[in-house]
Amino acid sequence: MLAAINRAQQNFIANQDKNIAFENLLSDIVAITDSEYGFIGEVLFKPEGEPYLKIYAISNIAWNDETRRLYDKNIQEGLELYNLKTLFGYTLSTGKPVISNDAKNDPRSWGLPDGHPPLKAYLGLPIMQAGQMIAMLGVANRHGGYSAEQINFIQPLLNTIGQLVEARRILRNRILAENALRESQESYRKLFEDHAAIKILIDPDTGYIVDANKAAAKFYGWSLEELKQMRIHEINTLPADKIQIEMDKARKSKKTYFEFCHRLADGSIKDVRVFSSKINLKGKDYLHSIIYDVTKEKELEAQLFQSQKMESIGGLAGGIAHDFNNMLNVILGYGEIILNKLNQKDPLYKDVTEIVAAAKRSMDLTTQLLAFSRKQILQPKVLNVNRTLKSMQKMIERLIGEDIELVMVLKEDIYNVETDPIQIEQVIMNLAVNARDAMPFGGKLFIGTSNVFLDENYLQSHADVVSGEYVMIAVTDTGHGMDKEILSHIFEPFFTTKGKEKGTGLGLATVYGIVKQSGGHIWVYSEQGNGTTFKIYFPATFIEPNHQPEEKQTERVELKGGGEHILVVEDEEALRGLFKALLTNLGYKVTLAGNGGEALLLVEEKGLKPDIVITDVIMPIMSGAMLVERLRKNMPNLKVLYMSGYTDNAIVHHGVLDAETPFIQKPFTIEKLDAKIKQLLKAEK
């Protein structure tokens, strides 16, 4: 008996195929009980709770080819017994032993399946472990039948079977657990290592990176081995104490979303969005962090914010410039009237001259403010920027001085653009001045042109740009460059890094406004010590320029009119008084109207027939354009001169004036006003 037990235990330990131990035990029990055959099986349960028997050992009792075939097939496939309407099924169902010495007539048996050997006597025994039936032994056909004596005799062997089945269960569960763990680890590795998202695993106590995936190595530029030897402090740009505070927040689940700046292997800094959560591995807390590169997103946000800021500042500047223009017109106009009445030897002549000169300088400031706010009047023409730049070359060289070399690289077959040529010149001159001031000890100024197509990739990193063909003008200097803080303000009006006597801070603001109003875009690239590049993009047009002979300069004439009748329509009372005085002094007959309604009343009801109408573009209730349209129904040849501090109404197509429309920009001098009027009268004749 002991030998059989020892042999079974050794077989179980030594053999990979654990069924050998059960087969040896079954052979011993069949021999000890003087039985013909038997089986040993583990009791298992279906999902619905019904028991069945999984056979580990069964006697080969085939007596012909057919029964041998059935036996081999069942053993190979793994024999499982489910029929509970049998003698062994009774034990499975009740957990009770069965001693049946007349098995054929036993009411607990419902017969035998085809191919089953004869069953004369049967002993079925449950094998218990910790109060539960875990296995079962069945033997059959002992000569003389079975009794409790056999049960007691083989009890040690039954105990051994129970221990081996329990051990087998433990082993099976361990294998299942190991397989599940391995599969889980493999899934984790796949989810972690091969995931497209950047992932790192951080020890929150020390900050060491204990694991990282391939995407992290690619993003940061260090190998996986290098990353696993680093601390997050070498990547995150925050001070060490603040990094620890943020890790503690993530560890305590107080915060799972963060925005940081991370340093890469090449020294560059990237804006990142981090989702970090605590996970527990082998009893220790770690931070599982998923990192997204949001550098481009942040750049676009900054561009959008800058654009909105510039739009707000532009609206404010434009409004101020418009109102200031009206007041400035009054100062300049009355100053010129007084000056024309004074003898040059009069003590007041010099003082009034200074007043007029200051007013004219102020005109330049408001003109620049209007350009920045994109509310000046543009008179666009189709032009070739290469021709424009070549015509400016000598002027630019004189402007920048002999110690700065001008290099022009102009691409042949450049596309045409449609914009105001005077404003293009203003843009180039302002950028040339800016470059000159950035190179106090000399250097090089490069001006280049090229055709470019701004595609979807470009649009992803540049806000407010429409895809298409553009003409690019690049202006590059070799000066001292600018840092990021200065770059974020350079297009703001009155922002300057120059001394008080060297600049107003409106040069680049004017450039920005002109480019934007022309439908273009401007970007600046600069680093301290490495110069600056401005890139301007104007939408290309494939219309050919209409080359017209240059107009001859208007001959200087005496500031005296010929008594023509002028109707002035202006909603500002102070300006109406000024125009009355100016035009009367110039020799014209003047009638004033405070708005479009008054002007219509004078013409349609009172029969006024003016030679010229001078009207403000923007007025309450009725615009200048609406007034002129109404007047020309009865006076189709009426001469009209528009005036405005700025405009964006329909007549000028949102700020762009038709090239043929007579217009004078406020504030203006007596000479300019008289010249415009005489041009209109001359055209009529």
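Structure first, text after, so check above.
Residues numbered from 1 in each chain as written. Predicted model: local features only at pLDDT ≥ 70, side-chain atom pairs only at ≥ 80, totals over all residues. Heavy atoms only, no water.

**Structural notes on the overall build of the chain**
Helix and strand content of the chain: 20 helices and 23 strands. Burial analysis of the chain (685 residues in total) assigns 45% to the buried set. In the chain, 64% of the contacts between residues at least 6 apart in sequence involve partners at least 24 apart. For the chain, the accessible area works out to roughly 37000 Å², and carbon and sulfur atoms hold 52% of it. (Helix = DSSP H or I, 4+ residues; strand = E, 2+ residues; numbered from the N terminus. Buried < 20%, exposed > 50% of the residue type's maximum accessible area, 1.4 Å probe, protein only. Contact = heavy atoms within 4.5 Å. Areas by Shrake-Rupley, 256 points an atom, 1.4 Å probe, with all protein chains shown as cover.)

**As for the packing of helix H18 (residues 596-605) against helix H19 (residues 624-631)**
Running from amino to carboxyl end, H18 crosses H19 at an angle of 15°, the nearest separation of the two axes being 10 Å. Taken as axis vectors, H18 and H19 run roughly parallel relative to one another. Between H18 and H19 lies a crossing whose hand is right-handed. On the side of H18, the interface is formed by Gly596, Ala599, Leu600, Val603 and Glu604, while H19 contributes Leu627, Arg630 and Leu631. A class-by-class count of the residues in the contact of H18 with H19 yields five nonpolar, one polar and two charged. (Axes fitted to C-alpha atoms, helices over the stretch in contact; angles between N-to-C directions. Parallel < 35°, antiparallel > 145°, perpendicular 65-115°, else oblique. Left-handed = near helix turned anticlockwise from the far one by under 90°. Nonpolar A, V, L, I, M, F, W, Y, C, P; charged D, E, K, R; others polar.)

**Looking at the nonpolar core**
Ranked by size, the top nonpolar core spans 38 residues in total, and within it Ile396, Leu445 and Ile447 carry the most contacts. Elements with a contribution of two residues or more to this core: helix H12 (385-400), strand E13 (404-410), helix H13 (421-438), strand E15 (443-454), strand E16 (468-477), helix H16 (507-517), strand E17 (521-526) and strand E18 (532-541). Considering each element in turn, this core owes the most residues, seven residues, to H13. With residues up to four places along the chain from it excluded, the contact list for isoleucine 447 reads Leu389, Ile396, Leu406, Val407, Met408, Val409, Leu410, Ile428, Ile473, Ala474 and Val475. (Core = buried A, V, L, I, M, F, W, Y, C linked by side-chain atoms within 4.5 Å.)

**Quick look at the pairing of strand E20 (residues 589-593)**
Where strand E19 (residues 565-569) lies against E20, five bridges are found, and the strand directions are parallel. The residue bridging histidine 565 from the neighbouring strand is lysine 589, located in E20. Crossover connection from E19 via helix H17 (residues 573-585) to parallel E20: handedness right-handed. (Pairing = 2+ DSSP bridges. Right-handed = clockwise from strand over helix to strand, strands pointing away.)

**Some words on empty space enclosed by the protein**
Summed over the entire model, instances satisfying the criterion amount to one cavity of 30 Å³ or more. In terms of lining, the largest cavity is formed by 16 residues, of which the most central are Ile202, Ile232, Met247, Phe260 and Ser289. Listing elements by their share of the lining of the largest cavity, those giving two or more residues are strand E7 (198-202), helix H9 (240-251), strand E9 (257-263), strand E10 (269-281) and strand E11 (284-293). The element contributing the most residues to the lining of the largest cavity is H9, with four residues. Broken down by class, the residue content of the lining of the largest cavity amounts to 11 nonpolar, four polar and one charged. (1 Å grid on protein atoms, 1.4 Å probe; cavity = no way out; pocket = protein on both sides within 12 Å on 5 of 7 lines; lining within 4 Å. Points joined across faces, edges and corners; volume = space filled by probe spheres on them.)

**A word on the packing of helix H2 (residues 19-32) against helix H6 (residues 155-193)**
Remark: H2 packs on H6, axes separated minimally by 11 Å, with the N-to-C direction vectors making an angle of 165°. Comparing their axes, H6 and H2 come out roughly antiparallel. The way H2 lies across H6 gives a crossing that is left-handed. Contact residues: Asn19, Ala21, Phe22, Leu25, Ile29 and Ile32 in H2; Leu157, Thr160, Ile161, Leu164, Val165 and Arg168 in H6. In terms of residue class, the contact of H2 with H6 is built from nine nonpolar, two polar and one charged.

**Notes on the environment of tyrosine 292**
By secondary structure assignment, the location of tyrosine 292 is in strand E11. When the C-alpha positions of tyrosine 292 and isoleucine 198 are compared, they lie 6.7 Å apart, and in sequence the two are 94 residues distant.

**Here's the deal with the packing of aromatic side chains**
Counted under the stated rule, the structure contains nine aromatic pairs. Centroid distance phenylalanine 22 to tyrosine 56: 5.1 Å. Interplanar angle 35°. Geometry classified as tilted. Residue phenylalanine 22 is located in helix H2, and its partner tyrosine 56 is located in strand E2 (residues 51-58); the two are separated by 34 residues in the primary sequence. Measuring from ring centre to ring centre gives 4.9 Å for phenylalanine 219 and tyrosine 220, while their planes differ by 70°; the resulting arrangement is edge-to-face. This pair shows no difference in class: phenylalanine 219 is buried, exactly as tyrosine 220 is. (Phe/Tyr/Trp six-rings, centres within 6.5 Å; stacked < 30°, edge-to-face > 60°.)

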